Amino acid sequence: MNEEHLQRIQAIAEAALLAAGKPLSLDQLRDLFSEEERPARQVMEHVMVLLETACEGRGFELKKVASGYRLQVREGFAPWVGRLFEEKPQRYSRALLETLALIAYRQPITRGEIEDIRGVTVSSNIIRTLLEREWVRVVGHRDVPGRPAMYATTKQFLDYFNLTGLDQMPPLNEIRDLEEIGREIEKNMQAEIEFESPAAENDDESSSQTLH
């Protein structure tokens, strides 16, 4: 395959990623082409490397996340890009981030188990927000009286926090305090500005326990 053909595939992939506004997998990118011209998976992987290199020194980057690849604003330019929008990026309460951290590290986990660790009641608004944002999902029910739902994180959670896998989260042996874990998760949030404005989390829980 000559260089001109590779450049054309790269341009098509770049256009698709800009238009999609969400991550696209290698297979989704390959499906843009007719059966006769569809590049092999190895060729597509090479093209993504070329595209990543082409983004160097520019205001955006090619980022690989759990669902595939996306083009996004580089974190260093977020303060300037943010001035384009009147609404501020959504901020989340410490209680929500602590709950999310526990689900991520201890999944599958029930609401009652989260409350036992944190020492406080988990607001229904927190669980609803996490479910509505599709950061967590119900993966089953604990075989105990009442059969409480068990929660785990999703690909959307990984995508939003710029992760390809849970192994990229900060190790528990390095971070103990749940509030600090929440801050570490927040650091990994993507630089792109959130256009939607879900209802603000009003939970005012202030109690925080150490995760052992």
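Please refer to the structure placed before this passage.
Computed from a prediction, not measured in an experiment: that's the story for all the values here.

1. What about unusual backbone geometry?
Link 1 in the chain: Cis geometry is found at the peptide bond from Q107 to P108, where omega equals -5 degrees.
Link 2 in the chain: On the secondary structure map, P108 appears in the loop between α5 (94–106) and β3 (109–110).
Link 3 in the chain: Notably, E134 is not glycine yet its phi reads approximately 60 degrees, a positive angle.
Link 4 in the chain: By relative accessible area, E134 is classed as partly exposed at 44%.
Link 5 in the chain: Even without being a glycine, R147 presents a positive backbone phi close to 45 degrees.
Link 6 in the chain: With respect to the helices and strands, the residue R147 is situated in the loop between β4 (136–141) and β5 (149–153).

2. As for the pattern of salt bridges
Link 1 in the chain: If you walk through the whole model with that rule in mind, you get 9 salt bridges.
Link 2 in the chain: Residue D27 is joined to R41 by a salt bridge in which the shortest nitrogen-to-oxygen separation is 2.9 Å. In this pair, D27 sits in helix α2 (residues 26–30) while R41 sits in helix α3 (residues 41–54), placing the two residues 14 residues apart along the sequence.
Link 3 in the chain: When the shortest N-O distance is used, the salt bridge between E98 and R118 registers 2.7 Å. Of this pair, E98 sits in helix α5 while R118 sits in helix α6 (residues 111–118); the two residues are 20 residues apart in sequence, bridging distant segments of the chain. For the pair E98 and R118, a shared accessibility class is recorded, and that class is buried.

The rules behind the values
Residues numbered from 1 in each chain as written. Predicted model: local features only at pLDDT ≥ 70, side-chain atom pairs only at ≥ 80, totals over all residues. Heavy atoms only, no water. Helix = DSSP H or I, 4+ residues; strand = E, 2+ residues; numbered from the N terminus. Buried < 20%, exposed > 50% of the residue type's maximum accessible area, 1.4 Å probe, protein only. Salt bridge = Lys/Arg side-chain N within 4 Å of Asp/Glu carboxyl O.

These figures come from the coordinates and say nothing about function on their own.
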